[in-house]
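In case you want the letters, here they are:
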Amino acid sequence: AAGAGRVWGDAAQFLRQRQRRAYQIFEETKQGHLERECVEEHCSKEEAREVFENDPETEYFYPKYLGELKFLISLFGNAGMLTSMYCSVLFFYSLCKPDLPNQCSPDPCHKEGTVKCEDLKGDFYCECKRGWQGKKCEKDIDECRTQNGGCNQLCLNKLGSYRCSCYSGYTLKDSKICEDIDECTASADICGEAHCKNLISSYECLCDAGYKYDDVKKTCQDIDECEEKLCEQTCVNSPGSYTCHCDGRGGVKLSQDMNTCENIIPCVPFAIGRSVKSLHLGRMFSGTPVIRLRFKRKQMTRLVAEFDFRTFDPEGILFFAGGHQDSTWIVLALRKGRLELQLKYNGIGRVTSTGPVINHGMWQTISVEELERNLILKVNRDAVMKIAVSGDLFTLDKGVYHLNLTVGGLPFKAKNLILPINPRLDGCMRAWNWLNGEDTSIQETIKMNEKMQCFAVAGRGSFYPGRGFAVFNLTYTQPSSGNETKTNWEIEVNAVIQPATDTGVLFALVTEKASVPLSLSLIDYHSTKKLKQQVQTSIFVEKFPCSVLVTGSSFQKQLSDLLPASLFVPYLSPFPTDVPVTSTPVTASYHGCMTLKLRNTALDLDEALYKHSDITSHSCPPIEQEGQ
């Protein structure tokens, strides 16, 4: 009891001496709080934290507070009034004396993120660099999480900072904005020989149609479209393109898709009906007769030949009558539209031409008759010629009189006539009467062979049935003016056409090597309307320019690298089989009527080197009228 009293007395004395000093150590607010929370009452650690407002001071104070409180209670039991005075002085003296260690030693701040550490007497403060945060400046701020750091494309965070970046094909401007790179401008040869096209964030090397780009060589390589089997028939590859060809000689043309083939179908019908009672004299282009007759009589008989005749052809053979070339004979022909009679009696030949022009296409009756040693020629029952003769056309052989008669040709070559003539005659004969007798065998033969028959109705022009061709060998070189060593060549062709189909070759130049340097064709890849009007087409070809006029509309094309004119063989209508189908876009036969002029002179198909027999040189059927 005495010991306790001494302690109490010492404590009281100490409290009286230190009470004021203890209270002066702390500021009034914190002192009031601490007395209220931890002296007047038993405080918790959280309540002590509210007083100190930081962890270091709280951690320093609270363990000592619990230890001292336990010690006092062990001494005095229930402290009662002691706590009010004693605890205030004791705690404030023992706990709050200014001997706290320097909180910045050692430095608690993250070195890389801290500017400096500030000692707060029981706490510390880390001043963070830009881009860092946290109590110890240990946490990097991810600027990219806030509005992408202001970058309009890529934001790349890094410790204490960040940077903006761009996608491929862009470049950074003003540290945050990405702009497209124009590679075509930045590097002029980036695509080599190809065209450079700038794209957003990239670029593209483009070649012309029909070419593909080689990334390694930086060149444009031709695409061989023919390897892709795009054409139905024949394909020809060319630089940057390709062409499909359909063999028109098989009756087909290129379709609208320019790859497949379709049949050539007539869109304008012609009145091609034929008369079974007529005989077409122009059936054989070779000039050989279409009819051969041999008459035998037991007694001398005079010649009587009568028939109806129609033609637009100005020249050719109607008939021959007599023996053989070196004997007696007569030939009735047409020259310049007038009748001509060549005769040979007793080795003496004569040629007589008279009468009206009869190649106007109208039917007329013609007759030749032997009468009292005269030959009488009549047109429509009117005598136009009377020639005295000395001899007989019939030849006596073994007691029988013989007479050869050929129609539409000669039994010998035309050059052996008294006056040579082109024997081919596009004419029509009917109601014939030879030697006052009926010959039913001729009629039956014609009836069985349609090609021997004439068109029931015909007009001027040449008719191409959609098959066959005619060929001419022409020379059209001429010396240059003022220079005899140089030659120019010139072709001027005028064509008036009435087509039955929309496809066909009108005119072509073909070399001896079967190439086609020039062709003029009719072609419509997508026609839907019938062609019922007459079309006039002109072509004029000089050494360089080529102009084509079609019913008033014209276009020109430069022609170069043409072969010398002496190698050209002009063809009319389709090509022979030795001309490749790839030599020209159109190889189909022209179908319809056509009249050609060469150097303003009508081109006579009878003068061709060759003509298909189905082509009529001077007659063309009319267009069939609806309802016929």
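For the chain, the name recorded in an unreviewed UniProt entry is Growth arrest specific 6, with Malurus cyaneus samueli as its organism.

Turning our eyes to something else, we now look at the layout of surface pockets. Roughly 340 Å³ of internal volume is contained in the second largest pocket. Taken together, 19 residues make up the lining of the second largest pocket; nearest its centre are Ile 272, Arg 274, Phe 463, Pro 465 and Arg 467. Considered class by class, the residues forming the lining of the second largest pocket number nine nonpolar, four polar and six charged.

Here the structure, examined in full by the defined rule, presents six cavities of 30 Å³ or more. In this structure, the largest cavity encloses a volume near 100 Å³. Surrounding the largest cavity, 14 residues form its lining, Arg 310, Asp 426, Gly 427, Cys 428 and Ser 619 being those nearest its centre. For the lining of the largest cavity, the elements supplying multiple residues, two or more each, are strand E20 (304-311), strand E30 (427-434) and strand E31 (454-455). Each residue belonging to the lining of the largest cavity can be placed in one class, and the counts come to five nonpolar, six polar and three charged.

So, on to the pairing of strand E2 (residues 124-128). Relative to E2, strand E1 (residues 114-119) runs antiparallel, the two sharing five bridges. If you follow Cys 117 over to E2, its bridge partner there is Cys 126. The antiparallel pairing of E1 with E2 creates a hairpin that spans four residues between the two strands, and Lys 121 there sits at a positive phi of about 55°.

The next point concerns the pattern of salt bridges. Under the counting rule described, the total for this entry stands at twelve salt bridges. Residues Arg 373 and Asp 392 are paired through a salt bridge, measuring 3.3 Å at the closest nitrogen-oxygen approach. Of this pair, Arg 373 sits in the loop between strand E25 (364-370) and strand E26 (374-379) while Asp 392 sits in the loop between strand E27 (382-388) and strand E28 (395-397); the two residues are 19 residues apart in sequence, bridging distant segments of the chain. For Asp 614, the salt bridge goes to Lys 451, with nearest N and O atoms at 3.6 Å. Placement of the pair is Asp 614 in the segment after strand E45 (610-611) and Lys 451 in the loop between helix H7 (440-448) and E31, with a sequence separation of 163 residues.

All right, on to the packing of aromatic side chains then. In the structure shown here, the tally under the stated rule is eleven aromatic pairs. Seen from their ring centres, Phe 319 and Trp 434 are 5.8 Å apart, and the 65° between their planes marks the pair as edge-to-face. Of the two residues, Phe 319 is situated in strand E21 (residues 316-322) and Trp 434 in strand E30; the sequence distance between them amounts to 115 residues. The interplanar angle of 90° and the centroid separation of 5.6 Å between the aromatic rings of Phe 455 and Phe 463 together place this pair among those described as edge-to-face. Among the aromatic residues, those joined into a ring-pair cluster are Phe 270, Phe 455 and Phe 463. Over the ring of Phe 124 we find Lys 135, and its NZ or CZ is 4.6 Å from the ring centre. The cationic tip of Arg 430 hangs over the ring face of Trp 363; the distance from NZ or CZ to the ring centre is 3.9 Å.

Rules used in this analysis
- Residues numbered from 1 in each chain as written.
- Predicted model: local features only at pLDDT ≥ 70, side-chain atom pairs only at ≥ 80, totals over all residues.
- Heavy atoms only, no water.
- 1 Å grid on protein atoms, 1.4 Å probe; cavity = no way out; pocket = protein on both sides within 12 Å on 5 of 7 lines; lining within 4 Å.
- Points joined across faces, edges and corners; volume = space filled by probe spheres on them.
- Nonpolar A, V, L, I, M, F, W, Y, C, P; charged D, E, K, R; others polar.
- Helix = DSSP H or I, 4+ residues; strand = E, 2+ residues; numbered from the N terminus.
- Pairing = 2+ DSSP bridges.
- Salt bridge = Lys/Arg side-chain N within 4 Å of Asp/Glu carboxyl O.
- Phe/Tyr/Trp six-rings, centres within 6.5 Å; stacked < 30°, edge-to-face > 60°.
- Lys NZ or Arg CZ within 6 Å of the ring centre and 35° of its normal.

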